[in-house]
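Examining the three-dimensional arrangement
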Amino acid sequence: MFIFLLILLFRINFLLNSASLLLLHINLLFIEPLLAIDQIGIEIFDYYFSFLLIVAVPFILYLFRKRLTFLFLQLDFTNAFITILIIFSLLAPAISPSNYDSQHNVSVSKLLPPFSSKKIITLKKKRGEDVDVKQKFVSQRNVLFNKGLTGEFYIADEIKTNNREIILYQKSKEKKILLDQFEKNYASMETSNLFFLFGTDEFGRDLFTRLIYGTRLSIFIGLGSIIIIATIGITLGFLAGYFGGYTDTIINRISDIFLSFPNIFMIILIVGLFGNSVITVVAVLGLLGWMSLFKIIRNESASLKSKDFILTSKLLGFSNYQILFREMLPIILPSIIVNLVLQYGNVIMTESALSFLGLGLGNNYPTWGAMIDSGQNYLAQAWWISLFPCLFLFLTLLAANNFGKKLKKDSNLITSES
Amino acid sequence: MQNSALKIILRRIISSLIILFLMISFIFILLRISPGDPTLKFISPELSPEFAEQVKESFGLNGSIFDQYIRFIKNLLIGNFGISYNYRTSVIEVIMEFLPFSIFFSLICFFIQLTLSTFFALFVFKRKGTLLDKLFDKAALIIYSTPQFVLAIILILIFSVSLKWFPSSDLKSINFSELSFFEKLIDYSYHLVLPIVTLSIGGTIVFYKYLRDNFDFISKKSFVVYLRSNGISENEILLKHILPNAAGPIISIAGIELGLLLSGSLITEVIFGLPGIGRLSVNAVLLRDYPLVIGCTFITGTLVILANFIADIIKIKIDKRLVKEILN
């Protein structure tokens with residue numbers, strides 16, 4: 001709630017920009033529907049989504065505040081950090097102060113320490129004749145994607161103005177803009193500060209932005225593989241535990257084979273051989289992580305099988321499906337969830353390790369592991385590049401472990417009381 | 001008794017061999033169906049197609065996958081893993097070059113892990129419920145959730161970049177060949193401090209946590225109360241009665257941990273640039289050095305299974321009741 005208000009305050013510019021872009025897009029939809037549909041990509045959808053979310057969520061929270069009491073948790077480290085992660089991943093475009101790939105001027109902005117800021121001067125062209133909706137749409141989209149930095153802009157350590165010219169100091173170079181020329185070509189100019197919260201990397205890209213986008217990737221990869229793990233683990237676990245016999249022995253042997261081998265090596269092998277797209281990574285992490293969940297479900301369902309209420313429901317003529325999902329699953333669910341939360345931390349860690357070894361998705365998209373890896377070469381000059389992703393990764397894992405521990409405690413209470 | 005144990009051990013060996021064989025076959029098939037051709041690096045388009053065919057044949061890549069597999073199995077039975085594409089010597093030689101370091105390194109780490117964790121667990125258990133206990137509990141969780149490479153980078157940042165105490169990578173100094181034997185030894189250990197610390201801390205914490213919880217569990221049992229009521233000193237109870245009883249579950253975890261260490265701690269070796277099996281196998285995968293990949297798999301698999309096996313045998317030595325339960 002509070003964070004949404006903060007975003008509203010800080011990024012009012014972004015909100016206005018995306019609102020106008022959305023309006024323009026709708027406008028365009030009426031004039032040239034094909035082009036408008038063509039424009040809808042993942043990135044632009046992302047912006048709309050976060051915009052709508054920011055606007056809508058406070059209202060929803062306000063309207064349903066009585067039903068959503070679980071949101072008003074006691075504030076501690078784990079809850080706070082998990083909330084921050086979720087918000088980072090959902091609202092990445094709204095929070096990030098600049099585009100994750102924009103480099104500005106490399107000589108000035110590379111390897112800046114955290115909390116540094118640079119002067120930036122934007123020269124605005126005289127208003128041309130982009131009355132056309134299409135042109136307006138494109139220019140507005142550029143403004144939105146680059147966070148207001150479009151057209152001609154210069155980044156500098158310091159800016160001085162005389163009555164004849166503007167002097168920009170860029171490291172050792174000086175750049176002069178003559179006022180006469182300026183007035184001929186441009187309408188106005190703005191000087192502002194560009195602030196780098198966590199500094200910049202070796203290409204002059206803002207680390208804070210990259211961190212936020214990396215959060216998103218880590219969380220999505222984690223979720224994807226957790227879903228795969230849950231499906232495989234639950235199905236096989238029930239098959240082995242409930243039906244027993246030959247299926248039990250065969251599946252158990254398979255899981256033993258998987259367990260008798262260092263997991264990370266297998267993952268590296270597959271990702272190294274089959275290329276490193278998001279889908280491969282998710283699939284591999286999911287396919288090689290189901291063993292512990294399988295063991296838990298197998299043991300629990302094997303012991304539940306001979307309990308009275310299961311036998312009764314069998315005699316009452318319930319189908320296997322009904323017995324498994326209506327009767328057994330709710331009882332095993334707490335331990336499944338605890339296991340999945342702990343696995344989630346594991347998966348995120350493995351993914352970062354993969355990116356760290358250069359096998360992840362670091363080339364196209366910022367990930368934590370890749371950032372740590374690239375920072376490793378600059379440890380002596382720029383410790384912040386790898387330190388902040390390290391810190392984030394560590395805090396995420398800590399939060400996941402803490403959360404799992406807490407859930408374990410709570411679920412044990414329930415089972416022991418009943 | 002003796003006879004049945006022997007029989008069970010034999011069965012265990014056979015089943016591990018089957019698992020190893022399945023593993024290797026799986027990786028063989030995985031390698032063959034993966035996209036990309038390892039011969040492309042050694043052939044330029046200007047060379048004649050016959051020559052390309054020759055290179056393929058020398059790499060054992062001609063014919064269908066099934067033919068290749070048959071040939072591979074025949075070679076395997078003689079103990080021939082083939083020739084590494086990259087090093088141009090037999091795979092066994094290459095692995096033998098890297099294996100001694102890995103074994104030495106991981107045994108040192110393993111030893112440090114066990115001694116340190118036992119020491120800490122005993123030390124903290126005696127001061128149960130104090131601030132120190134809680135502090136260790138929190139610290140264990142924090143260290144447990146730090147990935148190895150993050151730990152390594154933070155250690156490098158602190159000790160080799162800002163304090164400049166230890167070198168950040170490699171095994172030898174530049175002037176290594178000029179040094180005398182003892183200086184060489186010192187040089188080695190000087191370079192190994194950071195990797196050993198990185199690799200040991202994680203395992204130490206795991207062992208510590210298990211030992212500590214087991215101590216708690218066992219000290220509540222009635223036989224401890226009985227011993228205490230007979231006037232046996234606390235120290236003696238702890239060392240002679242609680243510790244051996246708590247060690248049981250630790251041993252199987254230690255077996256898994258030793259297997260992981262022996263199979264090459266990939267990430268530590270890559271970060272610190274150490275010549276171990278882990279780094280060798282990562283490089284083999286990246287360079288598509290098929291025979292070497294299979295050789296590394298075989299070695300790591302054997303080591304893991306061996307470590308678990310040894311752990312089980314030690315467990316039986318300690319507690320004879322477990323024979324049937326474990327080995328079946």
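Residues numbered from 1 in each chain as written. Chains lettered and ligands numbered in written order. Predicted model: local features only at pLDDT ≥ 70, side-chain atom pairs only at ≥ 80, totals over all residues. Heavy atoms only, no water.

1. Side note on the overall build of chain A
The test is simple: Put simply, DSSP marks the helices as runs of H or I at least four residues long and the strands as runs of E at least two long, and each gets a number from the N terminus on. The rule is simple: take the accessible area with a 1.4 Å probe, protein chains only, and divide by the maximum for that residue type; under 20% is buried, over 50% is exposed, in between is partly exposed. Contacts are residue-level and defined by heavy atoms, with any inter-residue pair within 4.5 Å sufficient.
Counting its secondary structure elements, chain A contains 18 helices and 6 strands. The burial tally for chain A puts 46% of its 418 residues in the buried class. Of all intrachain contacts in chain A linking residues separated by at least 6 positions in sequence, the fraction that spans at least 24 positions is 76%.

2. Remarks on the overall build of chain B
Across its full length, chain B carries 13 helices and 0 strands. Secondary structure elements in chain B, listed N-terminal to C-terminal, are α-α-α-α-α-α-α-α-α-α-α-α-α. Split into buried and exposed, the 328 residues of chain B put 45% on the buried side. Taking as baseline every contact in chain B between residues at least 6 positions apart, the subset at least 24 positions apart corresponds to 73%.

3. Notes on the packing of helix α4 (residues 91–126) of chain B against helix α7 (residues 181–219) of chain B
All names here are of chain B. Test applied: To define axes, lines are fitted to C-alpha atoms, for helices over the stretch in contact only, and angles between the resulting N-to-C directions are given on a 0 to 180 degree scale. Angle categories: roughly parallel below 35 degrees, roughly antiparallel above 145, roughly perpendicular from 65 to 115, and oblique for all the rest. Crossing handedness is defined as follows: a turn of the near helix away from the far one that is anticlockwise and smaller than a right angle gives a left-handed crossing, while the clockwise case is right-handed. Residues are sorted three ways: Asp, Glu, Lys and Arg are charged, Ala, Val, Leu, Ile, Met, Phe, Trp, Tyr, Cys and Pro are nonpolar, and all the rest, Gly among them, are polar.
Direction vectors running N to C along α4 and α7 enclose 40°, while the axes themselves pass 7 Å from each other. The orientation of α4 relative to α7 falls into the category oblique. Read as a crossing pair, α4 and α7 show a hand that is right-handed. Partitioning the contact of α4 with α7 into residue classes produces 21 nonpolar, 7 polar and 2 charged.

4. Some thoughts on the packing of aromatic side chains
Let me state the cut-off plainly: The criterion for an aromatic pair is that two Phe, Tyr or Trp rings (for Trp, the six-membered ring) have centres within 6.5 Å, with stacked assigned to planes under 30 degrees apart, edge-to-face to planes over 60 apart and tilted to the rest.
Summed over the entire model, instances satisfying the criterion amount to 10 aromatic pairs over all chains. An aromatic cluster of three or more residues is present, and its members are F119(B), F120(B), F123(B), F136(B) and Y208(B).

5. Let's talk about the nonpolar core
Which entries qualify depends on this criterion: In this description, a nonpolar core means a group of buried Ala, Val, Leu, Ile, Met, Phe, Trp, Tyr and Cys residues linked to one another through side-chain atoms lying within 4.5 Å.
Core analysis: the largest hydrophobic core is formed by 150 residues, its most contacted members being M266(A), F149(B) and F215(B). A total of 15 residues in this core trace back to one element, the largest contributor, which is helix α10 (residues 207–243) of chain A. Each residue touching M266(A), except ones within four places of it in the same chain, is listed here: F261(A), L288(A), M23(B), F26(B), I27(B) and L30(B). Counting 5 residues, the second largest nonpolar core, distinct from the first, contains L53(A), L61(A), I87(A) and L91(A).

6. Quick word on the interface of chain B and chain A
How we decide: By definition, the buried area sums, over both parts, the 1.4 Å-probe accessible area that each loses when the two are put together. Salt bridge, as used here, is a side-chain nitrogen of Lys or Arg placed within 4 Å of a carboxyl oxygen of Asp or Glu.
The interface of chain B with chain A comprises 39 residues on the first partner and 34 residues on the second. Interface area for chain B against chain A, summed over the two sides, is near 3400 Å², with a carbon-plus-sulfur share of 86%. For the interface between chain B and chain A, the tally reads 0 salt bridges. Elements that contribute at least two residues to the side of chain B that touches chain A include exactly α1 (2–33), α5 (131–144), α6 (148–162), α10 (266–272), α11 (277–286) and α12 (290–318) of chain B. Ranked by residues supplied to the side of chain B that touches chain A, first place goes to α1(B) with 8 residues.

7. Structural notes on the environment of D213(B)
The topology assignment puts D213(B) in helix α7. Taking the C-alpha atoms as reference points, D213(B) and A246(B), separated by 33 residues in sequence, lie 8.9 Å from one another.

8. With respect to a nonpolar patch on the surface
Residues and elements named next belong to chain B. Note the threshold: Here a patch means residues that are over 30% exposed by relative accessible area and free of salt bridges, tied together within 9 Å if like-charged and within 5 Å if nonpolar (Val, Leu, Ile, Met, Phe, Trp, Tyr). All accessible areas in this document rest on Shrake-Rupley with a 1.4 Å probe, and a residue is counted as covered only by the protein chains that are shown.
A contiguous nonpolar patch, built from L10, I14, I18, F21 and L22 and spanning about 470 Å² of accessible area, is present on the exposed surface. Within the secondary structure, I14 sits in helix α1. Its relative accessible area of 48% is what places I14 among the partly exposed residues.

9. Digging into the pattern of salt bridges
In this structure the tally under the stated criterion is 6 salt bridges over all chains. Between D248(A) and R298(A) there is a salt bridge whose closest N-O contact spans 2.8 Å. With a gap of 50 residues between them, D248(A) in helix α11 (residues 245–259) and R298(A) in helix α14 (residues 291–305) connect regions that are remote in the sequence. For D137(B), the salt bridge is made with K209(B), and the minimal N-O distance between the two is 2.7 Å. In this pair, D137(B) is assigned in helix α5 and K209(B) in helix α7, connecting sequence segments 72 residues apart. Relative accessible area serves as the criterion here: at 28%, K209(B) is assigned to the partly exposed category.

10. Some thoughts on the environment of F258(A)
All names here are of chain A. Along the chain, the position of F258 falls in helix α11. Separated by 115 residues in sequence, F258 and D373 have C-alpha atoms that sit 29 Å apart. Once residues lying within four places of it in the same chain are set aside, the contact partners of F258 are L288, W290 and M291.

11. Some remarks on the confidence of the model for chain B
Residue and element names in this part refer to chain B. Rules: In predicted models, pLDDT denotes the confidence assigned by the predictor to each residue on a 0 to 100 scale.
Model confidence for chain B is summarised by a mean pLDDT of 79, while 85% of its residues fall at 70 or above. The spread of mean pLDDT over the elements of chain B runs between helix α13 (residues 323–327), the lowest at 56, and α4, the highest at 86. The ipTM assigned to the predicted complex is 0.76, against a pTM of 0.77.

12. Quick look at the side chain of S102(B)
All names here are of chain B. Summarising the element assignment, S102 is placed in helix α4. On the basis of relative accessibility, which here comes to 2%, the residue S102 falls in the buried class. When residues no more than four places from it in sequence are discounted, the contact partners of S102 are L262, E269, G276 and I277.

13. Topic: α11(B)
For α11(B), the buried fraction is high: 7 of the 10 residues fall into the buried class. The complete set of buried residues in α11(B) reads I277(B), G278(B), L280(B), S281(B), V282(B), A284(B) and V285(B). As for α11(B), its buried residues are in contact with α12 (263–274) of chain A together with α4, α10 and α12 of chain B. One or two steps after α11(B), the chain reaches R288(B), where phi turns positive at roughly 55°.

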